Amino acid sequence: NRSRLGKDGSLVTTHQEFGIKCMVDVNRVFFSARMGPERIRLCNCVSRGEDVLSLFSGVGLEGLMIAGRREISGITFVELNPAAVNCIRRGLELLGRNKA
């Protein structure tokens, strides 16, 4: 993992679980790596073709795992924190690169 200190004071790093990467702005978002087993459990509950709604998404790792590991119809992330929304967008870019 490489961390990067931004001009605005953000500290951004990547985190990987079960082959899926996400971006984490350590100074501006809540994230706990200890939730990994719960994230994979939720991911395994999703069936093929489902539409997924990820409420209170945070950095979006639950949704990214579902999008990356399941054949879903679509996913919608809901998050109020702009820094977390930026992490979700960057995580989706990483996911897209991994699938290409």
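Calculation criteria
Residues numbered from 1 in each chain as written. Predicted model: local features only at pLDDT ≥ 70, side-chain atom pairs only at ≥ 80, totals over all residues. Heavy atoms only, no water. Salt bridge = Lys/Arg side-chain N within 4 Å of Asp/Glu carboxyl O. Helix = DSSP H or I, 4+ residues; strand = E, 2+ residues; numbered from the N terminus. Buried < 20%, exposed > 50% of the residue type's maximum accessible area, 1.4 Å probe, protein only. Core = buried A, V, L, I, M, F, W, Y, C linked by side-chain atoms within 4.5 Å. Patch = residues over 30% accessible without salt bridge, like charges linked within 9 Å, V, L, I, M, F, W, Y side chains within 5 Å. Areas by Shrake-Rupley, 256 points an atom, 1.4 Å probe, with all protein chains shown as cover. Arc of directions from axis to C-beta. Contact = heavy atoms within 4.5 Å. Axes fitted to C-alpha atoms, helices over the stretch in contact; angles between N-to-C directions. Parallel < 35°, antiparallel > 145°, perpendicular 65-115°, else oblique. Left-handed = near helix turned anticlockwise from the far one by under 90°. Nonpolar A, V, L, I, M, F, W, Y, C, P; charged D, E, K, R; others polar.

A closer look at the pattern of salt bridges
By the definition in use, this model includes five salt bridges. The partner of Arg39 in a salt bridge is Glu17, with the nearest N and O atoms 2.7 Å apart. Of this pair, Arg39 sits in helix α1 (residues 36-44) while Glu17 sits in strand β2 (residues 11-17), and the two are 22 residues apart along the sequence. As far as burial versus exposure is concerned, Arg39 and Glu17 are alike and both buried.

Here's the deal with the nonpolar core
Ile20, Cys22, Val29, Val59, Leu61, Leu64 and Met65 are the most contacted members of the largest nonpolar core, which has 23 residues in total. Tallying contributions element by element places helix α3 (residues 82-99) first for this core, with six residues.

A look at a nonpolar patch on the surface
A contiguous nonpolar patch, built from Leu53, Leu55, Phe56 and Val78 and spanning about 450 Å² of accessible area, is present on the exposed surface. Judged by relative accessible area, Val78 falls into the partly exposed class, the value being 37%.

Topic: α1
Where α1 is concerned, the buried positions are Gly36, Arg39, Ile40 and Cys43. Projection of α1 onto a plane perpendicular to its axis shows the buried side chains occupying an angular sector of 95°, all on one side. Buried residues along α1 sit against β2 and α2 (61-69).

Brief notes about the packing of α1 against α2
Axis angle and axis distance: for two packed helices, these are the angle between their axes and the distance between the axes, and together they describe the pair. Put simply, α1 and α2 touch, their axes get as near as 9 Å, and they point 45° apart. By the angle between their directions, the pair α1 and α2 is classed as oblique. As for how α1 packs across α2, the hand of that crossing is right-handed. Of the residues in α2, those in contact with Arg39, Ile40 and Cys43 of α1 are Leu61, Glu62, Met65, Ile66 and Arg69. For the contact of α1 with α2, the per-class residue count stands at five nonpolar, no polar and three charged.

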